[in-house]
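The residues making up each chain are set out below.
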Amino acid sequence: MKVLKFGGTSVGSVKSILSLKKIVEAEARTQPVVVVVSALNGITDKLIAASQMAKNGDEHYREEFDAMVTRHHQMIDTIITDDKKRVDLFNNVDQLFDQLKSIYYGVYLIHDLSKKTEDTIVSYGERLSSHIVAAMFRNGIRMNARDFIRTEKKQGKHVIDADLTTQLVKEAFSSAGCCGTAANRNIYVVPGFIARDRDSHETTNLGRGGSDYTASIIAAVLNAEALEIWTDVDGFMTADPKVIKSAYTINELSYVEAMELCNFGAKVIYPPTIYPVCVKNIPIKVKNTFNPEHPGTLIKDKIEDDNKPIKGISSIKGTSLITVTGLSMVGVIGVNRRIFTTLANKGISVFMVSQASSENSTSIGVRDEDAKAAAEVLNAEFAKEIETGAMFPMQVESGLATIAIVGENMKQTPGIAGKLFGTLGRSGISVIACAQGASETNISFVVDGRFLRKSLNVLHDSFFLSEYKVLNLFICGIGTVGGMLLEQIRTQQQYLMQTKRLKLNVVGISDVDNFVLDRDGIDLDNYEKILRAGYPANTEHMRDEIVKMNIFNSVFVDCTASRQIAQLYQTFLEHNISVVAANKIAASSDYDSYIKLRQTARDRGVWFRYETNVGAGLPIIGTINDLCNSGDKILKIEAILSGTLNFIFNEIAADVPFSETVRRAKEQRYSEPDPRIDLSGTDVIRKLVILTREAGYKVEQDDVEKHLFVPDSYFEGSIDDFWKKLPELDADFEARRKVLEAENKRWRFVATMEADENNPSSFKTSVALKEVPYGHPFYGLEGSNNIVLLTTERYKEYPMLIQGYGAGAAVTAAGVFANIMSIANI
C-alpha cells in the first residue's frame, strides 16, 4: 500500500483537486491507498484571521466566515456530479460550518480566544477538505484522524504520543480493511494536521505542516511501500528558485540530507515528517500535483553513484546572533547548559551554535522575533556574573541570514570548507559565524542579510550546482567598440553555453544618454530599445545602482574613453566587481592610483584587466606579465603604438602631402574627431606608460620625453584654425620626405623604454618621430598596424616581436571579450 499526502495547493482549486483524483485513482487500481489532505489553500489563515476578528469584536468576521462557506460550496457544486452524494456532502459540510459559526459567535460575545478554542477552530480546515475529497471517489472512506492521532503535553506544547498513536492507527486501519492479506482497494481519506489529546480528549494539532507528519506516522505504522508528498513544486531544489534562476530539482536525497535542508528553510516537507519513515526505511517521493509526469525527488537511505559533494543550499532569513561572552566562561562546566536550559524554558528555539575553542564566547542563532526575549532571559540568568564583570551583557546582532550547504559526500571530499570561505571572500562577503558537525553533512554560516541573494548565487555557481557558470556583465559605452562587443557576445552566447557551460549574462548597458540594469539579463536582440527606456545617464547614479544590485560574479566593462567612468573603478573593485577596461585613462593615470587599483583587485580577489589599452587585441600586456612573472627582466621596449600615425606616415607621398594624410586619417576614422589628440602623441605616451609599468618600472606621463613633429602652436585655438594652418607644414615635410626616400628610409613614430645596462633600475622613456632604415622590423609595417619589440635578459640577441592590427572596433572588442573570458575561466 501507499500513503499519499496532498497539500493545500493540491486541494485548493478545481483543477488541482481533479488532478488529485486522477493521481489517486491510478494508484488505487492495484492496492489500497491512504490519502492525507490539508485544508484548502489559504483556509487555515482565514480561520485564524476570522477568529482574531471575532475576539476583537469586529463583526467583519462574519464576512470571512461566509466567504469560506461559499468557497467550499462552489467546490462541491463543481466537482461532485452525483446528486445524492452532493446532497449528503452538503449536509456534512454545513453541519461542520454550523458548529464553527457557533464557536465564532461565542468568541465574539466574550472577546476571548483560548488556545483550546483556537485549536478547535483551525481543525475545521482539514475536517472540511477531507469530506470533499472522500466524496469524489466511488470507494472513498473518510477516517477521523482524531480517533488515532494522539498527543500529549510537554513543556506547554502538544507532541505526538508515539506508542498510543501506533496502537490506535493499527486498530483503526485494520478495522477499516486496509491491512493484511485481505486488504481491499479502497481509498482511505484522512484529514492531516489534527489530533486529540490523550488525556483530555480535546482537539489538538501537530503544528503548521503537520499534515506531512500525519502521513508519515500512518505510513510508518502500516509499513507502507512508499510515502508520497504531493505539492506545488517538482521536488527539492538545489536552492530557492525565486532567488537562483538556475536552480533545478534534485533527483535523489538521503534522509539525512533531506532533514538538513528542511531544518534550514527548504519548505518542501515538514521536518519531523522524515523521522518515522526513516526508521522503517520507507522511501519518500516528493511530487508535483500540477506536473505529475515529473519524476520529482526520491528520499531514501542510500544513494547510489552519487559523486556530488554538495546536494543543495538552504537558508533562513531574519536571523539574529546572540553572543554570550566573558572570561569566566573559560573552563567552567555548565555555562552552555544554563544557556540552553534558559532558552528552552522560554520556548525559544536555537538553530545554530558556534563556540570558540577558547570557550570564552558562544554565539547562538535564533529568529529575529525571538532575539529580544532571548537576550533578556540570558541577561537575567547571568545577572550576577554580568554585575561582577565576569561576563558581559548579551550582544545581539540582527538583520542577518543563515545559510547551509548540505551533502553527505562532503565528509569524503577535502577542501569543501576552504572553497566555501574562499568563494565568499572573493565576492566580498564576510562570514560572521559558522558551525559544522563531525558528520560533515552540513556547513552552516551566518552573513549580513543584505548579502543573502549574492551568497546563494555565488555558492550555487561555484559548487557546480548550476547548470551553467554565470558571469554578469555591465557594459558601459556602446559606440564602435562597445556596440561590436555586444554583437560578439550575442552571437557567442549560445555556443559558450553549449560547449563551455558558461552563461554570459549582460545585466547592465549604458551610453551617453541612458543606462539600464536588469539582474535577470538584458535581451541583446532588443537592447537599444530597452536602453532608450532606461534611467537618464548619470555617472554617480549608475555607480550606486550597480553597487546596490550586489550581484555575484560581476564584471564592469568600460568601452568608453571617459575620465569620469575610469574614476568609478576603485569603487567597483572595493565592492568585488571585476573591471575590464578598453579605456586607457586609469592604467596611465598617476602611479599611486594605478597601484591602488591593482592592489585593491588583489586584496578583494577580483580582476582588473586592460589588455586592449595597448595594441587593441594584440597580446602585449599579457606577454609582458608572463615574462616578468616567470623571472625575466624587460630591458628595452620599442614600439609603434599609434595606428593613426602609422597610417599617416605610410600614406604620405609626393602627390599626397602631410595635411592630406591627416585629413584622410580622420575621414577613414583612424584618428579621433580632433586629430590633434593623435598628433600630440598623448595616446602613445599613455600606452608607453602602461607598458613600462607592466614591465615593473615606476613612471608618470610627465617623465616621458616628447619629440613631436608638429609645432606646439598648432595645438592652440579651434579645430578650424588647425585645419587652416596645417598645409603650412606640407613643404617642409615634402622636402624631408625626398631625402628620406633617397636614403631608403621611412618615418615611424616610436615609443621607447630603455633601461640603463649598468643600473637596471634606472631607465628612460621617450616618444619621437624616427627615421627607420630598410631591413628594420618597423620599416615594412603597413596600414594602421602596431608592432612591439621586447628586449629582455632572455631575449637579448633576438628581441621578441609582437605585430598585428593595433586598431579597429572588431579587434579591440575581441580583445575586451578575451579579457572577459579570462575572468570566466579562472
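Look a little higher up for the structure.
### Overview of the overall build of the protein chain
Of regular secondary structure, the protein chain possesses 28 helices and 31 strands. The C-alpha radius of gyration of the protein chain comes to 37 Å, more than 25% above the 28 Å expected for a compact globule of 826 residues. When the backbone C-alpha atoms are referred to their principal axes, the protein chain occupies close to 115 × 70 × 55 Å. Burial statistics for the protein chain: of 826 residues in total, 51% are counted as buried. In the protein chain, 72% of the contacts between residues at least 6 apart in sequence involve partners at least 24 apart. Approximately 37,200 Å² of the protein chain is accessible, and the part contributed by carbon and sulfur atoms is 48%.

### Observations regarding the packing of aromatic side chains
For the structure shown, the criterion picks out 26 aromatic pairs. Consider the rings of Phe 6 and Trp 230, whose centres lie 5.9 Å apart with planes at 15 degrees: the pair is stacked. Here the residue Phe 6 occupies a position in strand β1 (residues 2-6), and Trp 230 occupies one in strand β9 (residues 226-231), the gap between them amounting to 224 residues. Of the two residues, Phe 6 and Trp 230, both sit in the buried class. Geometrically, the ring pair formed by Phe 658 and Phe 733 is stacked, given 4.1 Å between the ring centres and 5 degrees between the ring planes. Of this pair, Phe 658 sits in helix α23 (residues 658-667) while Phe 733 sits in helix α27 (residues 730-742), and the two are 75 residues apart along the sequence.

### Thoughts on the packing of helix α3 (residues 61-79) against helix α5 (residues 115-136)
Where α3 meets α5, the closest approach of the two axes is 11 Å, and the angle between their N-to-C directions is 5 degrees. Considered as vectors, α3 and α5 are oriented roughly parallel to each other. Judged by residue contacts, His 72, Met 75, Ile 76 and Ile 79 of α3 engage Leu 128, Ile 132 and Met 136 from α5. Here the contact of α3 with α5 is built from residues that sort into six nonpolar, one polar and no charged.

### Thoughts on empty space enclosed by the protein
Scanning the model with the defined rule gives one cavity of 30 Å³ or more in all. The space that makes up the largest cavity amounts to roughly 40 Å³. Lining of the largest cavity is provided by Phe 474, Ile 475, Gly 508, Ile 509, Ser 510, Phe 515, Val 516, Leu 517, Met 542, Ile 546 and Phe 556. Mapped by element, the contributors of at least two residues to the lining of the largest cavity are β19 (469-476), β20 (502-510), β21 (514-517) and α17 (539-549).

### A short note on the packing of helix α2 (residues 43-55) against α3
It is the contact of α2 with α3, at a shortest axis distance of 8 Å, that shows an interaxial angle of 155 degrees. Looking at the two axes, α2 sits roughly antiparallel to α3. When you trace α2 past α3, the crossing you get is left-handed. Along its contact with α2, which presents Ile 43, Lys 46, Leu 47, Ala 50, Met 53 and Ala 54, the element α3 presents Tyr 61, Glu 64, Met 68, Arg 71 and His 72. Looking at the contact of α2 with α3 residue by residue, the classes come out as seven nonpolar, one polar and three charged.

### Quick look at the sheet that holds strand β2 (residues 33-37)
Judged by pairing direction, the sheet is mixed, and its eight strands sit side by side in the order β3-β6-β2-β1-β9-β11-β12-β10 without closing on themselves. The strands lining the two open edges of the sheet, one partner per strand, are β3 (140-142) and β10 (252-254). Averaged over all adjacent pairs, the angle separating strand axes in this sheet is 20 degrees, with direction ignored. Strand direction decides the pairing type here: β10 and strand β12 (residues 297-300), joined by three bridges, are parallel. Its bridge partner lying in β12, Leu 253 is registered against Ile 299.

### Re the side chain of Thr 644
Relative to the helices and strands, Thr 644 is located in helix α22 (residues 643-651). Within polar-contact distance, the side chain of Thr 644 engages the backbone oxygen of Tyr 670 at 2.5 Å. Setting aside anything within four residues of it in sequence, one finds Thr 644 in contact with Ala 665, Tyr 670, Ser 671 and Asp 678.

### A short note on a nonpolar patch on the surface
There is a patch of nonpolar side chains on the surface, built from Tyr 105, Leu 109 and Ile 110 and spanning about 320 Å² of accessible area. Tracing the chain through its elements places Ile 110 in helix α4 (residues 83-110).

### Observations concerning the nonpolar core
Membership of the largest hydrophobic core comes to 101 residues, with the highest contact counts inside it found for Ile 405, Leu 459, Phe 556, Ile 637, Phe 658 and Phe 709. Top element by residues in this core is helix α25 (residues 682-694). It accounts for six residues. Those residues within four positions of Phe 658 in sequence are excluded, and the remaining contacts are Ile 648, Phe 649, Ile 652, Leu 679, Phe 709, Val 710, Leu 726, Leu 729, Asp 730 and Phe 733. With 56 residues, the next largest nonpolar core counts Ile 269, Val 286, Ala 433 and Ala 435 among its residues.

Conventions and cut-offs
- Residues numbered from 1 in each chain as written.
- Predicted model: local features only at pLDDT ≥ 70, side-chain atom pairs only at ≥ 80, totals over all residues.
- Heavy atoms only, no water.
- Helix = DSSP H or I, 4+ residues; strand = E, 2+ residues; numbered from the N terminus.
- Rg over C-alpha atoms; globule rule 2.2 N^0.38 Å.
- Buried < 20%, exposed > 50% of the residue type's maximum accessible area, 1.4 Å probe, protein only.
- Contact = heavy atoms within 4.5 Å.
- Areas by Shrake-Rupley, 256 points an atom, 1.4 Å probe, with all protein chains shown as cover.
- Phe/Tyr/Trp six-rings, centres within 6.5 Å; stacked < 30°, edge-to-face > 60°.
- Axes fitted to C-alpha atoms, helices over the stretch in contact; angles between N-to-C directions.
- Parallel < 35°, antiparallel > 145°, perpendicular 65-115°, else oblique.
- Nonpolar A, V, L, I, M, F, W, Y, C, P; charged D, E, K, R; others polar.
- 1 Å grid on protein atoms, 1.4 Å probe; cavity = no way out; pocket = protein on both sides within 12 Å on 5 of 7 lines; lining within 4 Å.
- Points joined across faces, edges and corners; volume = space filled by probe spheres on them.
- Left-handed = near helix turned anticlockwise from the far one by under 90°.
- Pairing = 2+ DSSP bridges.
- Polar contact = N/O pair within 3.5 Å; in protein donor to acceptor, adjacent residues only side chain to side chain.
- Patch = residues over 30% accessible without salt bridge, like charges linked within 9 Å, V, L, I, M, F, W, Y side chains within 5 Å.
- Salt bridge = Lys/Arg side-chain N within 4 Å of Asp/Glu carboxyl O.
- Core = buried A, V, L, I, M, F, W, Y, C linked by side-chain atoms within 4.5 Å.

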